[in-house]
Amino acid sequence: MMDNLRAAANHVVLKIILGLIILSFLLTGVVSYQGSSGDYAAKVNGQTIERAQLEQAFQSERSRMQQQLGDQFSALAGNEGYMQQMRRQVLSQLIDNMLLDQYAKKLGLSVSDDQIKEAIRKAPYFQTNGQFDNAKYLDLIGRMGYTADNFAQSMRQQLVNQQVIQAFGESGFVLPAESQSMAALVLQERDVRLATLDLKALQAKQSAGDDELKAYYDQNKNSFIAPEQVKVSYIPMDAASMQDKVKITDADVSAYYDQHKSSYGQPERKNYSVIQLKTEAEANAVLDELKKGGDFATLAKDKSTDIISRRTGGELGWLEPETTADELKQADLTEKGQLSGVVKSSVGYLIVRLNDIEPEKVKPLSEVHDAIAKQVQQEKAVDAYYALQQKVSEAATSDNESLASAEEAAGVKAAQTDWFTRDNIPAALNFKPVVQSIFDGSLIGENGAPGSNSDVITVDGDRAFVVRVTGHKPEGIEPFDQVKDRVAELVKRNKAVQEAKLQGEKLLVELKQGKGDEAMKAAGLSFGSVQKMARAPEDSQLVESVFALPHPQEGKPVYGMSQDRQDNVVLIALDAVKPGSLPAEEMKTFVGKMEEGATGVSFDSLLASLRKDAKIKMGAAEQQQPQ
């Protein structure tokens, strides 16, 4: 029962389906909307993108982002600059789609009505049990504000665009020499030796006066933002904990047992045998043989048309009422060995014999007493839990000045937290609905005034809270006195980094002039052993610096300088460069990836070329949008 309480019917599948449809409309451009007004969003080579078309695509993108980001999008939607940027991106996508559509027409690409119908019928989000569902199709596109004609036209645009993309996909290829050169470059390895100037050691030698610290603080105040903080009082409620408070009597157990006896036993069972025949005449003939003493099993094996039961002499085995076919029940056999007359069925005609009867069995109460007691206790605990929720909710609402009344209703004292932020929620309260209620502002009073009690906040079905914000510190800049030690560490670190860079640059000059051994020894540094370095998807600054160095010549190392992930200054000695290579099978995969990239570059180039040659004029309203 606890698991059932945690289940939530959020219709996730429907959300996904609508999200896919919204995205589809955005990508296809929804070119079917034609406005009657002279006001337009843009004209592309004389072809108009109507304002209504842009508004519809923009609203579709809003809906898609809302579904994808949830509550986070609400904060973004409040940013006017962000929404203006999103609107420009939507219009840019519509312009690209129209350019592709125009280009497709020049190439003679087209899509027939039958192709559009087939694409719609095959779309998985319009199907039920693998079959196209017209009612679902009309319902889903209707929710998005489109007619069947509008949607068909947008599907046409999408299919045409796919043809253009496919045409470019088939044209992408890479020459063998290109692939070998690329593999040699991408998979290249370099032998390096490193010497690191220890930043922590240098930082420990730095000093900074109060005036210097205060000046750094004043110039970097935005780096010392204290996040919003709250203190909370809360009353927890838990269905599981209610079980210890619920008392179960033997009378409760007996009553439950009497109401659910069928769950604690086995109903009456009957063992049947049948002979199945095609015609009523054949059935009557067999029935006569049985009445004259014929053997039922032998006749079943010889004459029954049911190939399954025929192998066992017609025996069907033990059947309970729920699994007994209606034809067998119609035979109305009540005694062991009783033979039926001819019974008409959907598969022909039957002769039925009742082989045996096993009466109903019910487990005695003594056997199931403990299991029932646990079940009853659990159910009563859940009932008590919901009753407690109601009681506490009414108390918290009627007395909104404190949690005193809610405490009395709950029979417990409210727990108190220390100050915390969104980033360090106390474990006892770390549930999304609770955190949202605390930080959404509805429980925080204005201008320092006391806030309100929350309503009951349900978590996971079988847990709940009533919370009250007892202290609130809004986001703000931390005072200098509170961050002085942190400022001092930052100032000293910056000084250490600058000193390390100066030392590194002096040593690098000495190394390049061939005087590096003495200079390195004087600085207490030495290069480590040779290590191989390769490129990675997320290269650090150090790796990028190593691969930016020129190849060493005549066995002489090439020197450079960089920083590692801890900001330590690192001197580099590059000794050798080894070109990369791949086995033949892996090379095929590598070439395939290169061809995919070539296709993408070609397609991007096509769009850039179409935009360059196009005459694009923005409507008056779009020209006035801030850029």
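Before reading further, recall that the structure is shown in the block above.
Below or above, wherever it landed, is the structure these notes cover. Fair warning: this is a prediction, and the values are worked out from it, not measured in the lab.

Regarding the overall build of the protein
Of regular secondary structure, the protein possesses 24 helices and 21 strands. Counting only residues that meet the buried cut, the protein has 38% of its 627 residues in that class. Residue pairs at least 24 apart in sequence account for 73% of intrachain contacts in the protein once pairs closer than 6 positions are excluded. When the accessible area of the protein is evaluated, it comes to approximately 36,500 Å², of which 49% is carbon and sulfur surface.

Regarding the nonpolar core
Nonpolar side chains tend toward joint burial in soluble globular proteins. Counting residues in hydrophobic clusters, the biggest one holds 37 residues, and the most contacted among them are Ile49, Ile95, Ile120, Phe126 and Phe151. For this core, the secondary structure elements donating two or more residues are strand E1 (40–44), helix H3 (51–69), helix H5 (80–107), helix H6 (113–122), helix H7 (134–143), helix H8 (148–171) and helix H23 (584–613). With 10 residues, the top contributor of residues to this core is H5. When residues no more than four places from it in sequence are discounted, the contact partners of Ile49 are Tyr40, Ala41, Ala42, Val44, Leu94, Ile95 and Met98. Counting residues in hydrophobic clusters, the runner-up holds 19 residues, among them Ile235, Val392, Ala395 and Ala406.

Re a nonpolar patch on the surface
A grouping of Leu185, Val186 and Leu187 is seen on the molecular surface, where their side chains present a nonpolar patch of about 210 Å² in accessible area. Looking at the element boundaries, Leu187 is found in the loop between helix H9 (176–186) and strand E5 (189–197). You can call Leu187 partly exposed: its relative accessible area is 33%.

Brief notes about the sheet that holds strand E10 (residues 315–319)
Across the sheet, which stays open at both edges, the 4 strands sit in the order E10-E9-E12-E11 with antiparallel pairing between neighbours. For this open sheet the edge positions go to E10 and strand E11 (339–345), each flanked by a neighbour on one side alone. On average, each strand axis in the sheet is inclined to that of its neighbour by 30 degrees, with strand direction left out of account. With 9 bridges connecting them, strand E9 (residues 269–277) and strand E12 (residues 348–358) associate as antiparallel partners. The residue of E12 that forms the bridge with Val274 is Val352.

Quick look at the packing of helix H11 (residues 210–219) against helix H20 (residues 480–512)
In contact at an axis separation of 9 Å, H11 and H20 are set at 95 degrees when each is read in the N-to-C sense. In terms of their interaxial angle, H11 and H20 are classed as roughly perpendicular. On H20, the residues touching Asp210, Glu212, Leu213, Lys214, Tyr216 and Tyr217 of H11 are Phe480, Val483, Lys484, Val487, Ala488, Leu490, Val491, Asn494 and Lys495. For the contact of H11 with H20, a count of residues per class yields 9 nonpolar, 1 polar and 5 charged.

Considerations on the sheet that holds strand E2 (residues 47–50)
Taking strand neighbours across the sheet as the criterion, the 3 strands line up as E2-E1-E21 in an open arrangement whose pairing is antiparallel. At either margin of the open sheet sits one strand with a lone partner, and together these are E2 and strand E21 (616–618). Between one strand axis and the next, the sheet turns through 20 degrees on average, direction left out of account. In this sheet, E2 lies alongside E1 in antiparallel orientation, the contact comprising 4 bridges. Paired with Lys43 across the strands is Thr48, a residue of E2.

Concerning the pattern of salt bridges
Within the structure shown, the criterion is met by 17 salt bridges. Among the salt bridges present, the one from Arg51 reaches Glu55, with a minimum N-O distance of 3.8 Å. With Arg51 and Glu55 both in helix H3 and 4 residues apart, the pair spans about one turn of that helix. By relative accessible area, which is 23% here, Arg51 ends up partly exposed.

Here's the deal with the pairing of strand E20 (residues 569–578)
Alignment of E5 against E20, held across 9 bridges, turns out to be antiparallel. Paired with Glu189 across the bridge in E20 is Lys578. Across 6 bridges, strand E19 (residues 558–563) lies against E20 in antiparallel orientation. Its bridge partner being in E20, Gly560 is matched across the sheet by Ile572. Linking E19 back to E20 in an antiparallel pair, the connection comprises 5 residues, with Asp567 at a positive phi of about 70 degrees.

As for the environment of Ala536
Counting through the fold element by element, Ala536 comes out in the loop between strand E18 (531–534) and helix H22 (541–548). The class of Ala536 is partly exposed, set by a relative accessible area of 39%. Along the backbone, Ala536 and Val186 are 350 residues apart, and their C-alpha atoms lie at a distance of 9.3 Å.

Structural notes on the side chain of Gln276
Relative to the helices and strands, Gln276 resides in strand E9. Beyond its immediate stretch of four places on either side in the chain, Gln276 contacts Lys303, Ser304, Thr305, Asp306, Val347, Tyr349 and Leu350.

Focus on the packing of aromatic side chains
Counting across every chain of the model gives 9 aromatic pairs. Between Tyr217 and Phe224 the ring centres are 5.7 Å apart and the planes differ by 35 degrees, which places this aromatic pair in the tilted class. Both residues of the pair, Tyr217 and Phe224, count as buried. Site record: aromatic cluster; members linked through ring pairs are Phe126, Phe132 and Tyr137.

Looking at the environment of Val543
Within the fold, Val543 resides in helix H22. Given a relative accessible area of 13%, Val543 falls into the buried group. In the structure, Val543 is positioned 21 residues away from Asp564 in sequence and 8.7 Å away in space, judged by C-alpha atoms. Apart from residues lying up to four places away in sequence, Val543 is in contact with Met533 and Ala534.

Notes on the environment of Thr324
Considering the arrangement of structural elements, one finds Thr324 in the loop between E10 and helix H16 (326–330). On the basis of relative accessibility, which here comes to 10%, the residue Thr324 falls in the buried class. With 52 residues separating them along the chain, Thr324 and Tyr272 place their C-alpha atoms 9.6 Å apart. Once residues within four sequence positions are removed from consideration, Thr324 is found in contact with Tyr272, Leu319 and Lys329.

Analysis parameters
Residues numbered from 1 in each chain as written. Predicted model: local features only at pLDDT ≥ 70, side-chain atom pairs only at ≥ 80, totals over all residues. Heavy atoms only, no water. Helix = DSSP H or I, 4+ residues; strand = E, 2+ residues; numbered from the N terminus. Buried < 20%, exposed > 50% of the residue type's maximum accessible area, 1.4 Å probe, protein only. Contact = heavy atoms within 4.5 Å. Areas by Shrake-Rupley, 256 points an atom, 1.4 Å probe, with all protein chains shown as cover. Core = buried A, V, L, I, M, F, W, Y, C linked by side-chain atoms within 4.5 Å. Patch = residues over 30% accessible without salt bridge, like charges linked within 9 Å, V, L, I, M, F, W, Y side chains within 5 Å. Salt bridge = Lys/Arg side-chain N within 4 Å of Asp/Glu carboxyl O. Pairing = 2+ DSSP bridges. Axes fitted to C-alpha atoms, helices over the stretch in contact; angles between N-to-C directions. Parallel < 35°, antiparallel > 145°, perpendicular 65-115°, else oblique. Nonpolar A, V, L, I, M, F, W, Y, C, P; charged D, E, K, R; others polar. Phe/Tyr/Trp six-rings, centres within 6.5 Å; stacked < 30°, edge-to-face > 60°.

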